[in-house]
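Survey of secondary and tertiary structure
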Amino acid sequence: MNNLEGKVVFITGASSGIGEACAEIFAKEKSNLILSARRIERLNSLANNLEKAHGIKVKCLNLDVRDFDQVKDIIDSLDNNWKKIDVLVNNAALFAPLPEQKCTDIDVETWDKVMAVNLRGPFLMVKHAAPHMIAQGYGKIINIGSGTALRGIPWFLHYVTSKGGITGMTRALARELGEH
């Protein structure tokens, strides 16, 4: 990787899986971490382990990426306290708790919840973090997608659709924010 020592990396959905693995990779590169999830207990344990193993600073946040005000307030307060966000990793997503279902059996509430976490969440994070990155003259945004959007797996229409949306959003953001 490029020199990431001392960079501030904000990872959503960091309490397990891909988010936890990202935290470990960035910690090995000596990046300071802002880890968020809705399961704060797991984050605190991960943070303690990473701080001890790599000599970095880790801040843990209980964050619901669907909540406009909460995302805005956290991003704005981080700018004041941590002074920057160098890398944003939009990883928070709903998948594991979703049962396989026919498209006709997915209820509207579940559909909306998946779209809110998997698409609205990354949108809100970018909406509020990008201005800070532009102002500081540096920033990287990593959106975690899925190969399911290309394959179109059955019985997970909501998840597959949301990850297809992430692919489109990432392409559009690259064209819009790339110059920065």
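Above this text you will find the structure in question.
In this text, all values refer to a predicted model and were calculated from it rather than measured experimentally. (Residues numbered from 1 in each chain as written. Predicted model: local features only at pLDDT ≥ 70, side-chain atom pairs only at ≥ 80, totals over all residues. Heavy atoms only, no water.)

In any sheet, the strands associate via hydrogen bonds between backbone groups, in a parallel or an antiparallel arrangement. Pairing in this open sheet of five strands is parallel, and the strands run β3-β2-β1-β4-β5 from one edge to the other. If you trace the sheet from one side to the other, it starts and ends with β3 (58-62) and β5 (140-143), each paired once. Averaged over all adjacent pairs, the angle separating strand axes in this sheet is 15°, with direction ignored. Of the pairings in the sheet, the one linking strand β4 (residues 87-90) to β5 comprises four bridges and is parallel in character. Across the sheet, the residue bridging to Val87 is Lys140, located in β5. Together, β1 (8-11), β2 (32-37), β4 and β5 form the strand contacts of helix α1 (residues 17-28), whose direction differs from that of β1 by roughly 175°. Along the sheet face, helix α2 (residues 40-54) touches β2 and β3 and points at about 175° away from the line of β3. (Pairing = 2+ DSSP bridges. Helix = DSSP H or I, 4+ residues; strand = E, 2+ residues; numbered from the N terminus. Axes fitted to C-alpha atoms, helices over the stretch in contact; angles between N-to-C directions. Contact = heavy atoms within 4.5 Å.)

Attention now moves to the layout of surface pockets. Considering only enclosed or pocket space, the largest pocket measures out at about 670 Å³ in volume. In terms of lining, the largest pocket is formed by 28 residues, of which the most central are Gly13, Asn91, Ala92, Ala93 and Leu94. Put simply, the parts of the chain that give the lining of the largest pocket at least two residues each are α1, β2, α4 (108-136) and α6 (157-177). Counting residues per element, the lining of the largest pocket draws most heavily on α1, which supplies three residues. Here the lining of the largest pocket is composed, by residue class, of 13 nonpolar, ten polar and five charged. Size it by volume and the second largest pocket reaches roughly 260 Å³. What lines the second largest pocket is a set of 14 residues, and nearest its centre among them are Gly139, Lys140, Ile141, Leu173 and Leu177. Only α4, β5 and α6 provide two or more residues apiece to the lining of the second largest pocket. (1 Å grid on protein atoms, 1.4 Å probe; cavity = no way out; pocket = protein on both sides within 12 Å on 5 of 7 lines; lining within 4 Å. Points joined across faces, edges and corners; volume = space filled by probe spheres on them. Nonpolar A, V, L, I, M, F, W, Y, C, P; charged D, E, K, R; others polar.)

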